[in-house]
Amino acid sequence: MSPPTLPWPERYRPLRRRAEVAFWAVLLLVQAAFNSVVTLIDLRSAGRQVAAWEPALWELSSVLVVGLLIPAIVAFERRFPLHWDTLRRHLPWHLLGSMAYCSIHLAGMMALRHLAYSTMGAEYRLSGPWWAQWGYEYLKDVRTYALIVCALVSYRFLLLRLQGEARVLDRPEESPTAPQPPPSAALAAQTPPPPLPAPRPERFLVRKLRREFLIAASDIAWLQAEANYVGLHVNGHDYLVRSTLADFLTQLDPARFVRVHRSYAVNLDAVAEIEPLDSGDARLRMKDGSTVPCSRRYRSALAQPGTVG
């Protein structure tokens, strides 16, 4: 029997990461090449004689710092995501983020230019006072920052459409109001009865590429925290639901779903094997062929009798 096929995000995640890095690298290098040529033509048209390497150095120092700042922008956008329901609350943070981005970008590229010029026995000078230079750069950097954030939001939207997004199909309805006891019984009651636990959803509605279908909560093999979403791994497919892992686990059966890592939880019925590691952690091999990390802090959740079948 051939081994089970891993979910496509698991198979292509390393390739996807390399493709993302390559995309930004190619984009920035192409931008630097075009800007270098345009700057050189403009300067020589204005009668300023500069060496051909100078505009190239200016642009390369700029895109190098931008490339180093992109992971920070990705993390910042994950912390303050931009959706219609968060736009008013998070937009001011991104305005401050664009100012910090401009300041770091300006300081970094100026340091690189001074270093490069000094190694060539020359001196790099600003065209004006630093505050005027900052204002000039900010007018360009705020557009670059906005384009990067828009690219990240669009990319996440595309992944959601390809990967699928899930939501609770039937929200638990509130329990009907219990009939009021007669006055004598009410006076005799010492403590109010404990509230009944809210019923847990049994199904989730998944939207993927303009199609809708249902998944059962019991079919979820494992879960992974992914920024502001939780990835649901179901029958070799992956779907995202907007929630934190801790909040989403409250909607699942705690006797079946347990947390095994800061970013992972598993369906105990879907665990095939526990592989201990020398570090004290473990690796869980799931019945669908995938693997899930288990930290030593959470291994006690797997020590129950009948946990692994």
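Small disclaimer: the values here were computed from a predicted structure and weren't measured. (Residues numbered from 1 in each chain as written. Predicted model: local features only at pLDDT ≥ 70, side-chain atom pairs only at ≥ 80, totals over all residues. Heavy atoms only, no water.)

Caption draft 1: Here's a closer look at the packing of aromatic side chains. A complete count under the given rule lists eight aromatic pairs for this structure. Ring centres 5.8 Å apart and planes at 50° place the aromatic pair Y101 and Y145 in the tilted group. Taken as a pair, Y101 in helix α3 (residues 87-119) and Y145 in helix α4 (residues 130-163) lie far apart in primary sequence, 44 residues in all. Grouping residues by exposure puts Y101 and Y145 together as buried. Ring centres of W222 and Y264 lie 6.0 Å apart, and the angle between their planes is 35°; on these two criteria the pair is classed as tilted. With W222 in strand β4 (residues 220-226) and Y264 in strand β8 (residues 264-267), this pair connects stretches of sequence that are 42 residues apart. Each member of the pair, W222 as well as Y264, is classed as buried. Following the ring pairs from residue to residue traces out a cluster consisting of W53, Y117 and Y124. (Phe/Tyr/Trp six-rings, centres within 6.5 Å; stacked < 30°, edge-to-face > 60°. Helix = DSSP H or I, 4+ residues; strand = E, 2+ residues; numbered from the N terminus. Buried < 20%, exposed > 50% of the residue type's maximum accessible area, 1.4 Å probe, protein only.)

Caption draft 2: Looking closely at the pattern of salt bridges. Taken as a whole, this structure holds seven salt bridges when the rule is applied. Across the pair R256 and D269 runs a salt bridge whose closest N-O atoms are separated by 3.2 Å. Note that R256 is positioned in the loop between α6 (245-249) and β7 (257-261) and D269 in the loop between β8 and β9 (271-276), a separation of 13 residues in sequence. One continuous salt-bridge network, built from bridges that share partners, spans E275, R283 and R285. (Salt bridge = Lys/Arg side-chain N within 4 Å of Asp/Glu carboxyl O.)

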